[in-house]
There are 2 protein chains.
Amino acid sequence: MAKNLIIGQSGGPTAVINSSLAGVIDHVLASDKIDKVYGMINGVEGLLEDNVVNLSSMFEHMPHEVNRLKHSPAMFLGSCRYKLSGSDSEFEKIFEIFKKYDIGYVIYTGGNDSMDTVKKLSDYASKNAIDIKVVGIPKTVDNDLQGIDHSPGFGSAAKYIATCVRNVAYDTSIYSIKSVHIIEAMGRNAGWLTAASVLARQDNMPAPHLVYMPEVPFSVEQFLSDVKAKLEEYNSVIVVVSEGIRDADGNYIAEGGCSQDGFGHAQLSGVGAYLKTVIEDEIGCKVRALEPSVLQRSAGHIASLCDVNEAFNLGTVAVKAAEEGKTGVFATLSRISDKPYCVKYSTERVEVVANAEKVVPRSWINAEGNDVTDEMVRYLKPLIRGVAQTPYRAGLPDYIDIRHLDIKKQRYTNED
Amino acid sequence: MAKNLIIGQSGGPTAVINSSLAGVIDHVLASDKIDKVYGMINGVEGLLEDNVVNLSSMFEHMPHEVNRLKHSPAMFLGSCRYKLSGSDSEFEKIFEIFKKYDIGYVIYTGGNDSMDTVKKLSDYASKNAIDIKVVGIPKTVDNDLQGIDHSPGFGSAAKYIATCVRNVAYDTSIYSIKSVHIIEAMGRNAGWLTAASVLARQDNMPAPHLVYMPEVPFSVEQFLSDVKAKLEEYNSVIVVVSEGIRDADGNYIAEGGCSQDGFGHAQLSGVGAYLKTVIEDEIGCKVRALEPSVLQRSAGHIASLCDVNEAFNLGTVAVKAAEEGKTGVFATLSRISDKPYCVKYSTERVEVVANAEKVVPRSWINAEGNDVTDEMVRYLKPLIRGVAQTPYRAGLPDYIDIRHLDIKKQRYTNED
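Computed from a predicted model, the values in this text were never measured in an experiment. (Residues numbered from 1 in each chain as written. Chains lettered and ligands numbered in written order. Predicted model: local features only at pLDDT ≥ 70, side-chain atom pairs only at ≥ 80, totals over all residues. Heavy atoms only, no water.)

Student: Please provide a residue-by-residue account of the packing of helix H5 (residues 88-100) of chain A against helix H6 (residues 112-127) of chain A, values included.
Tutor: Residues and elements named next belong to chain A. Where H5 meets H6, the axes come as close as 11 Å, and the angle between the chain directions of the two elements is 85 degrees. With respect to each other, H5 and H6 are oriented roughly perpendicular. For the pair H5 and H6, contact is made by Asp88, Phe91, Glu92, Ile94 and Phe95 and by Lys120, Leu121, Tyr124 and Ala125, respectively. Partitioning the contact of H5 with H6 into residue classes produces six nonpolar, no polar and three charged. (Axes fitted to C-alpha atoms, helices over the stretch in contact; angles between N-to-C directions. Helix = DSSP H or I, 4+ residues; strand = E, 2+ residues; numbered from the N terminus. Parallel < 35°, antiparallel > 145°, perpendicular 65-115°, else oblique. Contact = heavy atoms within 4.5 Å. Nonpolar A, V, L, I, M, F, W, Y, C, P; charged D, E, K, R; others polar.)

Encoded structure:
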């Protein structure tokens with residue numbers, strides 16, 4: 001008799017994690033090999049408390065809602081930051097719950113830590129001769145995972161940052177006074193998102209004018225000199241910096257920004273806010289610091305269609321791998337060509353991705369450390385392509401949340 | 001013989017000022033009464049330096065570019081913050097330039113100050129028996145203009161803020177820990193944009209949980225008590241505050257936030273950053289402050305279709321009024337009904353809008369001062385409706401900038 005599948009989501013949100021979930025649900029609903037699809041609420045942490053939902057019964061009578069799920073950001077099933085202790089009692093508890101739901105297949109979506117969870121569960125099953133296949137689906141906006149050409153979630157965050165830069169470039173272009181805008185992109189150790197901001201450049205509108213990534217030691221003096229040079233050429237200069245830029249000794253630039261306000265409250269300002277004060281003091285022109293923060297990882301309304309589709313496909317690839325008996329692997333993709341853009345899907349051992357970080361190669365950053373090379377642009381370009389067909393309702397993106405399914409009937413009344 | 005028209009743009013940017021310009025160009029290109037349409041570069045400031053472009057020759061051979069202009073944010077012609085001195089010599093200089101270009105019609109887009117410019121130019125022409133009609137087109141993201149149901153530009157900024165809140169609500173919903181997100185919306189004196197954030201609410205996802213507008217005196221004690229109460233009910237609490245909230249004595253809450261960082265640089269933190277420290281100190285949960293800043297006024301990619309179309313129509317209404325001999329007026333709209341949403345276009349004397357500010361009526365804010373009433377929601381709902389068909393290219397909004405028209409040929413080569 002066909003076994004069931006259970007899926008969990010873990011780590012930080014992206015715009016397309018739910019697209020991978022939609023790919024899994026879509027495949028299971030049509031599969032002969034797998035009966036039901038269950039979901040862990042809040043990943044393995046919820047699983048340990050038997051917090052499990054039946055996704056088959058949620059979606060089988062409304063397959064169109066799978067499409068809405070495909071375009072909803074964050075995590076339909078909720079997340080956790082729980083690391084398995086590795087104790088026998090914990091494993092026994094988890095596999096008891098798997099037994100209760102007659103699970104034959106486990107899918108886990110997340111970053112490095114989640115791939116470590118995949119490895120532990122897979123190893124435990126093998127060691128104890130339990131017939132459960134465990135497969136991972138990667139995700140991260142930071143694009144710092146090994147073993148995959150680019151991470152699902154990165155393309156959409158990249159599109160968000162590039163769109164921000166373009167909008168700010170238009171906003172600031174209207175005045176003839178000198179100004180600097182500093183946009184702080186996510187990325188503690190890897191500058192991929194900062195690099196992607198260069199896609200905003202148009203003929204005769206070269207914003208961002210400067211980009212600084214954590215892979216190159218940051219010098220405040222060089223930064224000031226770079227900004228001054230650009231201000232001679234342009235009225236409005238736009239700079240993108242990674243949150244994690246560090247000086248030559250490896251100290252975070254932003255750590256200097258710890259301060260107290262008038263009420264004695266401690267404030268830890270970001271690197272953008274700090275560099276703003278540096279320019280105000282040393283150059284004296286108008287400066288704004290913008291920190292899109294979580295907006296860059298949750299922007300379902302501006303998701304990359306390429307990213308949405310690849311995340312969906314990786315969901316399908318993961319289930320198929322499990323059906324074929326693979327375990328301890330994650331679904332991945334490699335690039336066949338940039339132009340036309342073409343990728344090939346496969347699986348890879350999770351050891352490749354766990355405990356490793358992919359940073360930007362120094363050769364993809366220019367010699368001065370304030371721009372990227374053409375090779376980087378060729379790599380990035382296809383990843384933000386295509387406008388996702390986000391459903392809208394009453395003027396806003398009509399995302400789906402698990403809480404909505406309790407009140408389904410209301411959704412189909414004639415709302416205003 | 002038919003006279004020419006000149007148009008200028010002034011003040012801060014919005015997503016739809018160029019849609020009004022597109023409406024004007026579209027009408028003039030088909031008009032028998034008006035020959036050419038010229039543009040002032042950087043408003044009256046550029047006009048005084050004879051910085052004028054021929055928009056007819058730019059657009060007459062590529063009317064499809066008028067549609068692209070309709071969906072491009074900020075100001076195609078550039079802006080200024082110049083206030084006419086009122087001196088005879090200045091007026092003489094301006095009207096000499098009008099004579100040089102055989103101008104019979106002047107259109108000026110902007111807020112209160114720009115409507116004052118319309119009045120001064122119109123009065124001067126009348127007093128000196130010069131046959132030039134001067135008509136205004138209103139714009140502001142703040143929605144604080146008198147004499148119009150709502151300002152063009154507001155609906156798109158409102159949609160941006162509501163979309164931000166929805167995205168953040170999904171982003172934060174995935175964890176089961178307690179957290180507060182504070183989103184700071186534009187509006188020094190008027191809380192309209194903050195109010196519009198409530199449109200993000202969905203069944204079972206009631207973010208924003210609290211909103212604070214400048215029209216009600218702000219108490220930090222009451223704020224803490226409100227947040228504590230919401231944290232008892234929800235894991236994740238989302239608060240939207242206007243940048244201009246003040247205490248009972250009229251002092252801006254954010255002014256307390258002036259501080260020095262570790263290097264002795266002065267920092268003026270926004271009200272969101274300040275309230276973040278207050279919650280951290282007094283409640284102690286995880287807090288993030290988000291300040292979308294200029295992103296909320298320049299977000300052409302998420303413009304309200306209702307707003308884009310109304311701005312376009314107001315452009316047409318302004319030119320027709322000028323053709324009919326009206327002067328010293330601005331194009332306006334009044335609401336016929338909320339449902340179905342219906343507006344009527346007309347003109348109004350500029351005196352109505354100059355030197356006045358429309359704030360949120362106290363009766364549209366709840367008694368506690370931390371939410372809006374149903375009347376406010378009815379007013380706001382239609383204004384964010386419809387998804388604008390922003391043109392995209394290579395995955396990003398394909399806006400038009402005046403600099404692009406110099407390099408037009410390149411645009412039609414086969415780009416990668």
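Student: Any chance you could break down the nonpolar core for me, citing the residues and the numbers?
Tutor: Met376(A), Tyr160(B) and Met376(B) are the most contacted members of the largest nonpolar core, which has 101 residues in total. Non-local contacts of Tyr160(B), meaning those with residues more than four positions away in its chain, are made with Tyr160(A), Leu295(A), Pro292(B), Leu295(B), Gln296(B), Ala299(B) and Ile302(B). (Core = buried A, V, L, I, M, F, W, Y, C linked by side-chain atoms within 4.5 Å. Buried < 20%, exposed > 50% of the residue type's maximum accessible area, 1.4 Å probe, protein only.)

Student: Give a detailed account of the pairing of strand S5 (residues 133-138) of chain B, specifying residues and quantitative values.
Tutor: All names here are of chain B. Extensive coverage of S5 is indicated by the burial of five of its six residues. Examined bridge by bridge, strand S4 (residues 103-110) and S5 share six bridges and lie parallel to one another. Its bridge partner being in S5, threonine 109 is matched across the sheet by isoleucine 137. For the handedness criterion, the β-α-β arrangement of S4, helix H6 (residues 112-127) and S5 is classed as right-handed. Bridge analysis of S5 against strand S12 (residues 329-338) gives two bridges, and the strand direction is parallel. Paired with valine 135 across the bridge in S12 is valine 329. (Pairing = 2+ DSSP bridges. Right-handed = clockwise from strand over helix to strand, strands pointing away.)

Student: A description of the environment of Leu290(B) should follow, citing residues and the corresponding values.
Tutor: Structurally, the position occupied by Leu290(B) is in strand S11 (residues 286-290). A relative accessible area of 3% places Leu290(B) in the buried class. Separated by 107 residues in the primary sequence, Leu290(B) and Ile183(B) place their C-alpha atoms 4.8 Å from one another. In contact with Leu290(B), not counting residues within four places along its chain, are Pro292(A), Ser293(A), Val294(A), Leu295(A), Val168(B), His181(B), Ile182(B), Ile183(B) and Glu184(B).

Student: Break down the confidence of the model for chain A for me, citing the residues and quoting the values.
Tutor: As a note on interpretation, predicted positions should not be read in detail where pLDDT is low. All names here are of chain A. Per-chain confidence: chain A averages 92 in pLDDT, with 94% of residues scoring 70 or above. Taken as a whole, residues 256-268 scores under 50 in pLDDT and shows 45 contacts with residues more than four places along the chain or in a different chain. Note that pLDDT drops below 50 for residues 407-416; the model gives that stretch 18 contacts with residues more than four away or on any other chain. Scored as a complex, the prediction yields pTM 0.94 and ipTM 0.93. (pLDDT = per-residue confidence, 0-100.)

Student: Give me the lowdown on the packing of aromatic side chains, citing residues and values where you can.
Tutor: Counting across every chain of the model gives 24 aromatic pairs over all chains. Centroid distance Tyr170(A) to Tyr399(B): 5.2 Å. Interplanar angle 75 degrees. Geometry classified as edge-to-face. Of this pair, Tyr170(A) sits in helix H7 (residues 154-172) while Tyr399(B) sits in the loop between strand S15 (396-397) and helix H13 (408-411), placing the two residues on different chains. Each member of the pair, Tyr170(A) as well as Tyr399(B), is classed as buried. Looking at Arg188(B), its charged tip hangs above the ring of Tyr252(B), at a distance of 4.1 Å from the centre. Geometry around Trp192(B) places Lys358(B) over its ring, the cationic atom sitting 5.6 Å from the centre. (Phe/Tyr/Trp six-rings, centres within 6.5 Å; stacked < 30°, edge-to-face > 60°. Lys NZ or Arg CZ within 6 Å of the ring centre and 35° of its normal.)

Student: Go over unusual backbone geometry with me, naming the residues and quoting the values.
Tutor: Here the residue pair Lys339(A) and Pro340(A) is connected by a cis peptide bond, since its omega of 5 degrees sits within 30 degrees of zero. Mapping Pro340(A) onto the fold places it in the loop between strand S12 (329-338) and strand S13 (341-349). One non-glycine residue, Ala74(B), adopts positive backbone phi at about 70 degrees. With respect to the secondary-structure elements, Ala74(B) resides in the loop between helix H4 (64-70) and helix H5 (88-100). According to the relative accessible area criterion, Ala74(B) is buried, its value standing at 0%.

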